Amino acid sequence: MSTSADRDMAAYWDRASQAWVEHQALLDRLMAPIAEAVVEAAGLVNGESVLDVGCGSGATTFAAAWRVGPTGRALGVDISGALVELARRRAGEDGIEGAEFLLADAQTHAFDPVFDAVVSRFGVMFFPDPVAAFANLRRALKPGGRLAFAAWRSPEENPLSLIPLRAAAPFLPEPPRFETNAPGRFAFADQARVRAVLEAAGWREIAITPLDVARPLSFDELLTMSLRVGPLNPILKDAGEAVRRAVGEAVAAALTPLVQDGVATMTSACWLVTARG
Ligand SMILES: C[S@@+](CC[C@H](N)C(=O)[O-])C[C@H]1O[C@@H](n2cnc3c(N)ncnc32)[C@H](O)[C@@H]1O
């Protein structure tokens, strides 16, 4: 059954995915080490089958496909048609064997129980019912299968998320707020909540460790991440020209001190979570 929360999230990603399609190369460059950390933590070996949840344009699915080799299988699942289409196109263009993509809601899709591992880079924080979703993902595993995913720690530990919002707030009628107990980017910031969700969904041997990744980026890339990819993007799309300009200038001014010799550093503060089904 599809609830209004499910439909809201699907509609949200329908819109948000445009930015992820447009800025795929930048996002993949900034987050490549996180995909590698996830597939490493999953302990994938040749010939295994792996499910990548909320796969977006496929970077983690491709990293997993390399690990399991041509005799293995990596299936990326995503709720956004635009991102699944891009992932399929990239797999074809790059000739990546063993990577397939499925357009489906990972919370409810009835997966065959054929996977050795479930992985995700930032694709599991958006479920309206996370316990139901993680129970569903556990059913996709063969007995004793593994889980490995990355999720953001708190907004305070990820200042490049907070600084643009704070700079934009005076110009917006309703500034966006990050919630750490509801579906969204920071839904799993509280590691006690992550553990409780996974335990309630039947996972065991749960381990949650900090993962911090620092990547260089230019001032223009920093602005793109702040205005075009993050939570300000949908708000600015709907805003008038005057608000867009005022927010752009305020965000640029707030970010300028972070840039030295044309280069800033984006530090991603995440949890690396592993468990067994
Ligand atoms: C932050 S993006 C991460 C994308 C990708 N894993 C990456 O790292 O580039 C979150 C992704 O989760 C997907 N998503 C959200 N809810 C989902 C659901 N219920 N089932 C499948 N995918 C979902 C979104 O469409 C989006 O592509």
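All of the points below concern the structure found in this document. Since we're looking at a predicted model, the values are computed, not measured.

1. Remarks on the site of the ligand
Turning to step 1, where the next piece is worked out: Around the ligand, the structure places 18 residues, and the nearest of them are Gly54, Asp78, Asp105, Ala106 and Arg121.
Turning to step 2, where the next piece is worked out: For the ligand, a nitrogen atom lies 2.7 Å from a polar atom in the backbone of Gly54.
Turning to step 3, where the next piece is worked out: One of the side-chain N or O atoms of Asp78 is found 2.6 Å from an oxygen atom in the ligand.
Turning to step 4, where the next piece is worked out: In the complex, 97% of the free accessible area of the ligand, which totals 600 Å², lies under the protein chains.
Turning to step 5, where the next piece is worked out: Residue composition of the shell around the ligand, grouped by class: eleven nonpolar, four polar and three charged.

2. Notes on the packing of aromatic side chains
Turning to step 1, where the next piece is worked out: Scanning all chains against the criterion turns up ten aromatic pairs.
Turning to step 2, where the next piece is worked out: Between Phe122 and Trp152, the ring centres sit 4.2 Å apart and the planes meet at 5°, which makes this aromatic pair stacked. One end of the pair, Phe122, is in the loop between β4 (115-121) and α5 (130-139); the other, Trp152, is in strand β5 (residues 141-152), with 30 residues separating them in the sequence. As far as burial versus exposure is concerned, Phe122 and Trp152 are alike and both buried.
Turning to step 3, where the next piece is worked out: Each ring, one from Phe134 and one from Phe188, has its centre 6.0 Å from the other, and the planes form 40°; the classification is tilted.

3. Here's the deal with the packing of helix α6 (residues 159-168) against helix α10 (residues 241-255)
Helix-helix packing: each pair is described by the crossing angle between the helix axes and the interaxial distance.
Turning to step 1, where the next piece is worked out: One way to put it is that α6 packs onto α10 with a least axis distance of 8 Å and a crossing angle of 135°. Taken together, the axes of α6 and α10 are oblique relative to one another. Our pair here, α6 against α10, has a crossing hand that is right-handed. Along the contact surface, α6 presents Leu160, Ile163, Pro164, Ala167 and Ala168, while α10 presents Val247, Ala250, Val251, Ala254 and Leu255.
Turning to step 2, where the next piece is worked out: Here the residues of the contact of α6 with α10 sort into ten nonpolar, no polar and no charged.

4. A few points about empty space enclosed by the protein
Turning to step 1, where the next piece is worked out: The tally for this structure, following the rule as stated, stands at one cavity of 30 Å³ or more.
Turning to step 2, where the next piece is worked out: Here the largest cavity is characterised by a volume of approximately 40 Å³.
Turning to step 3, where the next piece is worked out: Lining the largest cavity are Val124, Met125, Phe126, Phe127, Pro130, Ala182, Pro183, Ala187, Phe188 and Arg193.
Turning to step 4, where the next piece is worked out: Its residues placed into classes, the lining of the largest cavity shows nine nonpolar, no polar and one charged.

The rules behind these values
Residues numbered from 1 in each chain as written. Predicted model: local features only at pLDDT ≥ 70, side-chain atom pairs only at ≥ 80, totals over all residues. Heavy atoms only, no water. Near = heavy atom within 4 Å. Polar contact = N/O pair within 3.5 Å; in protein donor to acceptor, adjacent residues only side chain to side chain. Areas by Shrake-Rupley, 256 points an atom, 1.4 Å probe, with all protein chains shown as cover. Nonpolar A, V, L, I, M, F, W, Y, C, P; charged D, E, K, R; others polar. Phe/Tyr/Trp six-rings, centres within 6.5 Å; stacked < 30°, edge-to-face > 60°. Helix = DSSP H or I, 4+ residues; strand = E, 2+ residues; numbered from the N terminus. Buried < 20%, exposed > 50% of the residue type's maximum accessible area, 1.4 Å probe, protein only. Axes fitted to C-alpha atoms, helices over the stretch in contact; angles between N-to-C directions. Parallel < 35°, antiparallel > 145°, perpendicular 65-115°, else oblique. Left-handed = near helix turned anticlockwise from the far one by under 90°. Contact = heavy atoms within 4.5 Å. 1 Å grid on protein atoms, 1.4 Å probe; cavity = no way out; pocket = protein on both sides within 12 Å on 5 of 7 lines; lining within 4 Å. Points joined across faces, edges and corners; volume = space filled by probe spheres on them.

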